[in-house]
Amino acid sequence: MSQWLEWVSDCQARDEACVLVTLAAIQGSSPREPGAKMVVTADGSRGTLGGGTVELLAQERARELLKAGVDEAQPQLEEFVLNDSLDQACGGRMTLLFEPLLPTPLKIAIFGAGHVGQALVKVLADVPCRIDWIDSRPEMFPQRVPGNVHAQVLAQPWEAVAKLPPNAFVLAMTHSHDTDLEIVDAALRAMPDAFIGTIGSKTKRGRFRHRLAERGLSEADIDRLVIPIGLPGVGGKRPAEIAVAVAAQILQEHYAGAG
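Residues numbered from 1 in each chain as written. Predicted model: local features only at pLDDT ≥ 70, side-chain atom pairs only at ≥ 80, totals over all residues. Heavy atoms only, no water.

Points about the packing of aromatic side chains
- Counted under the stated rule, the structure contains 2 aromatic pairs.
- Here Trp-133 and Phe-141 contribute two aromatic rings whose centre-to-centre distance is 5.1 Å and whose plane-to-plane angle is 90°, an arrangement assigned as edge-to-face. Across the pair, exposure class does not vary: Trp-133 and Phe-141 are buried alike.
- In this arrangement the basic side chain of Lys-37 is found over the ring face of Trp-4, its NZ or CZ atom lying 4.9 Å from the centre. (Phe/Tyr/Trp six-rings, centres within 6.5 Å; stacked < 30°, edge-to-face > 60°. Buried < 20%, exposed > 50% of the residue type's maximum accessible area, 1.4 Å probe, protein only. Lys NZ or Arg CZ within 6 Å of the ring centre and 35° of its normal.)

Quick look at the structure:
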């Protein structure tokens, strides 16, 4: 793998915004060849365009794009003339391509690495989203997970709720109804803006509503719980079919909110 791909992958794994700066073209003399790349984050950079003033200006420009956020997150070309004003008297020109790579706004927490959880991760593998995949059983995770997935083992999975983004999609689909209950209870209390749901039947829905009320949750909070999850009208009980229905519901809710 090229170094710059590793640098970008590292940023994506940390859910950190970065700008990929590429030396797209040169005229005359230049300290680096076309194709040279640098990855710039808010507080650092990796790679080099040859050093000097142009590299410093490129880092400053990249950080301006990061501060601008989503509205300005479009690739941009800029040309720099290597003259005395830049303290680089090569006399050439460097055209730089700035490509902001921002974290995806779609965050999903999947609790449970059973058949449905694994099927859902496969469906979402190529969707621009960030997935936290949590289970108490390390042996349930495959040896390799997609690049947009962060798998973690927790003896008490609901403890992960406290570290989730406030607008994440929280999906409880573990092997235990009691564990699912703890997850949705924690999420309903801590995440007022989140989509919170679990797989299950009408019977499970009734029991969960009763038990959540016993724990002191209000009717309004309990009404936020989506059970069963999955886009209505998408039938089938196989794990892959359930995964398709759940993924479709996530995307529908996500883009409705974005709109």
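Structural notes on the sheet that holds strand S7 (residues 130-135)
- Spatial ordering of the open sheet is given by S8-S7-S6-S9-S10-S11, a layout of 6 strands whose pairing is parallel. Whereas interior strands pair on both sides, the edge strands pair on one side only; in this sheet they are strand S8 (149-153) and strand S11 (225-226).
- Bridge count between strand S9 (residues 169-172) and strand S10 (residues 195-198): 4 bridges; the pairing is parallel. Bridged to Leu-171 within S10 is Gly-197.
- Running at roughly 165° to S10, helix H4 (residues 177-190) makes contact with strand S6 (107-111), S9, S10 and S11 of the sheet. (Pairing = 2+ DSSP bridges. Helix = DSSP H or I, 4+ residues; strand = E, 2+ residues; numbered from the N terminus. Contact = heavy atoms within 4.5 Å. Axes fitted to C-alpha atoms, helices over the stretch in contact; angles between N-to-C directions.)

Observations concerning the confidence of the model for the chain
- For the chain, mean pLDDT is 90; residues scoring 70 or higher make up 94% of the total.
- The least confident element of the chain, judged by mean pLDDT, is helix H1 (residues 3-13) at 87; the most confident is S9 at 98. (pLDDT = per-residue confidence, 0-100.)

Quick notes on a nonpolar patch on the surface
- Together, Val-123, Val-234 and Val-244 make up a nonpolar patch on the protein surface, roughly 200 Å² of accessible area in all.
- Considering the arrangement of structural elements, one finds Val-244 in helix H7 (residues 239-258).
- Judged by its relative accessible area of 45%, Val-244 is partly exposed. (Patch = residues over 30% accessible without salt bridge, like charges linked within 9 Å, V, L, I, M, F, W, Y side chains within 5 Å. Areas by Shrake-Rupley, 256 points an atom, 1.4 Å probe, with all protein chains shown as cover. Salt bridge = Lys/Arg side-chain N within 4 Å of Asp/Glu carboxyl O.)

Comments concerning H4
- Compared with an ideal rise of 1.5 Å per residue, which puts 14 residues at 20 Å, H4 spans 20 Å between its outermost C-alpha atoms and is within 8% of the ideal.
- Among all positions in H4, only Thr-179, Asp-180, Leu-181, Ile-183, Val-184, Asp-185, Ala-187 and Leu-188 are buried.
- Along its buried surface, H4 packs onto S6, S9, S10, helix H5 (202-214), helix H6 (219-223) and S11.
- The distance from a side-chain oxygen at the start of H4 to the backbone nitrogen of Asp-178 is 3.3 Å, and the residue carrying that oxygen is Ser-176. (Expected span 1.5 Å × (residues − 1). Polar contact = N/O pair within 3.5 Å; in protein donor to acceptor, adjacent residues only side chain to side chain.)

Some thoughts on the environment of Leu-212
- Structurally, Leu-212 can be placed in helix H5.
- Leu-212 sits in the buried class, given a relative accessible area of 0%.
- Put simply, Leu-212 and Glu-79 are 133 residues apart on the chain and 60 Å apart in space, counted from C-alpha to C-alpha.
- With near-sequence residues (within four places) excluded, Leu-212 lies in contact with Leu-181, Asp-185, Leu-188, Leu-217, Ile-222 and Leu-225.

Regarding the nonpolar core
- Counting residues in each nonpolar core, the largest one holds 24 residues, and the members touching the most others are Ile-108, Ile-110, Leu-120, Leu-124 and Leu-171.
- Only S6, helix H3 (115-124), S7, S9 and H7 provide two or more residues apiece to this core.
- Per element, the largest residue contribution to this core is 5 residues, and it comes from H3.
- Once you skip the residues sitting within four places of it in the chain, Leu-171 turns out to touch Ile-108, Ala-109, Ile-110, Phe-111, Leu-120, Phe-195, Gly-197, Ile-229, Val-246 and Ile-250.
- Phe-111, Ile-134, Val-170 and Ala-187 belong to the second largest nonpolar core, which has 23 residues in total. (Core = buried A, V, L, I, M, F, W, Y, C linked by side-chain atoms within 4.5 Å.)

Notes on the packing of H4 against H5
- In contact at an axis separation of 11 Å, H4 and H5 are set at 55° when each is read in the N-to-C sense. In terms of their interaxial angle, H4 and H5 are classed as oblique. The way H4 lies across H5 gives a crossing that is right-handed. Contacts between H4 and H5 pair His-177, Asp-178, Asp-180, Leu-181, Val-184, Asp-185 and Leu-188 from the former with Lys-204, Phe-208, Arg-211 and Leu-212 from the latter.
- Tallied by class, residues from the contact of H4 with H5 come to 5 nonpolar, 1 polar and 5 charged. (Parallel < 35°, antiparallel > 145°, perpendicular 65-115°, else oblique. Left-handed = near helix turned anticlockwise from the far one by under 90°. Nonpolar A, V, L, I, M, F, W, Y, C, P; charged D, E, K, R; others polar.)

Re unusual backbone geometry
- Residues Ile-227 and Pro-228 are joined by a peptide bond in cis, for which omega reads 0°.
- Inspection of the secondary structure puts Pro-228 in the loop between S11 and H7.
- For Asp-15, which is not glycine, the phi torsion reads 60° and is therefore positive.
- Mapped onto the elements, Asp-15 comes out in the loop between H1 and strand S1 (18-27).

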